[in-house]
Amino acid sequence: MPRMIAYVSNADSREIAVLRLTDDGALSEIERMATSGMVMPLAVSPDRRFLFAALRSEPFGVASYRIDGQTGRLAHIATAPLPASMPYLATDRTGRFLLSASYQSAVAAVSAIDAEGRVAAAPLQVLNTAPNAHCIVTDAANRFAFVPCLGGDLVLQLRFDSASGRLAPNAPPDLPTRKGAGPRHIVFHPEGRLAFLVNELDASILCLAYNPSAGTLSALGAASALPPSFSGKPWAADIHATPDGRFLYASERTSSTIAGFRIDAADGTLTRIGNWPTEAQPRGFAIDPAGRFLLSTGQVSNSLTAYAIDAASGKLTSLKRYPMGANPNWVEIVEL
């Protein structure tokens with residue numbers, strides 16, 4: 001029977017919480033894995049054998065862990081240097097390369113990963129970006145990569161060579177966004193011809209058409225992650241779609257809410273389902289691979305709330321709250 005395991009990085013207590021997610025949405029703690037630095041973004045290899053964790057205190061690096069296929073427990077493999085403090089990690093679709101993006105240093109980097117999950121000590125490539133690179137992801141075909149740059153108000157469009165791991169500018173090299181929007185994270189619709197971009201500074205969500213043969217994005221429409229009668233400075237953070245592509249969710253830190261939308265797969269139109277209060281300052285959240293549950297952490301509350309996702313409406317129902325470590329900020333859920 002498949003097992004769902006959640007990994008939660010706790011930056012200030014320098015640990016990764018390992019949790020079992022059961023069929024009814026309950027969580028039980030398996031272990032806490034201590035890390036050697038301030039742990040933030042996590043990434044899981046496509047074969048679900050390895051977990052990678054970025055360490056954002058000096059010396060900047062990435063810790064590799066082997067995932068026990070029966071229990072979900074972690075075993076530390078090695079820690080390798082990274083060229084900067086990286087607020088985002090991902091692997092390419094083969095799992096042979098680790099991709100990282102740096103807000104502070106305005107770079108994207110590619111590092112090789114060997115068959116045992118070790119990240120190479122020296123990056124294959126360090127690419128200068130527009131200011132405040134905040135995310136890097138490849139498309140489903142592993143031919144193109146995209147880097148939202150918050151300070152540049154654009155999304156870099158890059159060609160990705162999956163044989164060598166090299167990145168190169170595509171044509172056109174970027175998709176501009178509205179000035180001051182602050183593009184942060186991007187996710188692809190499972191169908192492959194839509195993508196969704198959350199902008200940190202105005203909490204807008206852009207629906208984008210994706211041309212998979214050219215590797216280019218174009219804007220279709222927009223929605224807001226802000227709750228009704230919002231006041232204050234928007235501060236959006238994370239964005240995820242359900243695996244079936246029907247629903248989209250985004251976190252907003254000023255209001256400490258999760259916004260939910262129904263996706264029209266034909267034209268990408270987003271219809272608001274609702275906004276739900278969540279943990280204080282929800283930087284990161286995740287949806288399980290079956291699309292039944294959403295786990296949201298709060299950097300200020302030091303807790304996590306589990307929600308059930310209604311399969312028909314997409315509405316969230318709070319199930320239970322769980323204590324985490326200090327400054328929980330990233331969640332990955334793996335089916336073993």
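In the block above lies the structure referred to throughout.
Here we summarise the structure given alongside this text. These numbers were taken from a predicted model, which means no experiment stands behind them.

**A word on the overall build of the protein**
Each helix and strand in the protein was counted, giving zero helices and 28 strands. Relative to the compact-globule value of 20 Å for 336 residues, the protein shows a C-alpha radius of gyration of 18 Å, a close match. Across its three principal axes, the protein shows a C-alpha extent of roughly 45 × 45 × 40 Å. By the burial criterion, 60% of the 336 residues in the protein qualify as buried. Sequence-distant contacts in the protein: of pairs separated by 6 or more residues, those separated by 24 or more amount to 47%. Carbon together with sulfur atoms contributes 52% to the accessible area of the protein, which is approximately 12,600 Å² in total. Positive and negative charge centroids in the protein, built from 29 and 29 side chains respectively, lie 1 Å apart.

**Re the nonpolar core**
If you look at the biggest cluster of nonpolar residues, it comprises 50 residues, and the most contacted ones within it are Tyr7, Ile16, Leu51, Leu74 and Leu217. Those residues in contact with Leu74, other than ones at most four positions away along the chain, are Tyr7, Ile16, Val18, Glu31, Met33, Leu51, Tyr65, Arg66 and Ile67.

**Observations regarding the sheet that holds strand 11 (residues 125–128)**
In space, the four strands of this open sheet follow the order 8-9-10-11, with antiparallel pairing throughout. The open sheet is flanked by strand 8 (88–91) and strand 11, the only strands paired with a single partner. Strand-to-strand twist of the sheet, defined as the mean angle between neighbouring strand axes without regard to direction, takes the value 15 degrees. Where strand 9 (residues 97–102) and strand 10 (residues 107–112) come together, six bridges link them in antiparallel fashion. For Leu98, the partnering residue across the bridge sits in strand 10 and is Ser111.

**Quick word on the side chain of Asn132**
Tracing the backbone shows Asn132 in the loop between strand 11 and strand 12 (137–138). At a separation of 3.4 Å, a polar atom in the side chain of Asn132 contacts the main-chain amide nitrogen of Gly151. Excluding anything up to four places from it in sequence, Asn132 contacts Ser102, Tyr103, Ala106, Pro148, Cys149, Leu150 and Gly151.

**Some points on the sheet that holds strand 23 (residues 270–277)**
A sheet is described by the order of its strands in space; here four strands give the open sequence 20-21-22-23, paired in antiparallel fashion. In this open sheet, the two edge strands, each paired with only one partner strand, are strand 20 (236–241) and strand 23. Averaged over all neighbouring strand pairs, the angle between strand axes comes to 20 degrees, with direction disregarded. Here strand 21 (residues 247–252) runs beside strand 22 (residues 257–263); their pairing, made up of six bridges, is antiparallel. For Tyr249, the partnering residue across the bridge sits in strand 22 and is Gly260.

Rules used throughout
Residues numbered from 1 in each chain as written. Predicted model: local features only at pLDDT ≥ 70, side-chain atom pairs only at ≥ 80, totals over all residues. Heavy atoms only, no water. Helix = DSSP H or I, 4+ residues; strand = E, 2+ residues; numbered from the N terminus. Rg over C-alpha atoms; globule rule 2.2 N^0.38 Å. Buried < 20%, exposed > 50% of the residue type's maximum accessible area, 1.4 Å probe, protein only. Contact = heavy atoms within 4.5 Å. Areas by Shrake-Rupley, 256 points an atom, 1.4 Å probe, with all protein chains shown as cover. Lys, Arg positive; Asp, Glu negative; His and termini not counted. Charge placed at Lys NZ, Arg CZ, Asp CG, Glu CD. Core = buried A, V, L, I, M, F, W, Y, C linked by side-chain atoms within 4.5 Å. Pairing = 2+ DSSP bridges. Axes fitted to C-alpha atoms, helices over the stretch in contact; angles between N-to-C directions. Polar contact = N/O pair within 3.5 Å; in protein donor to acceptor, adjacent residues only side chain to side chain.

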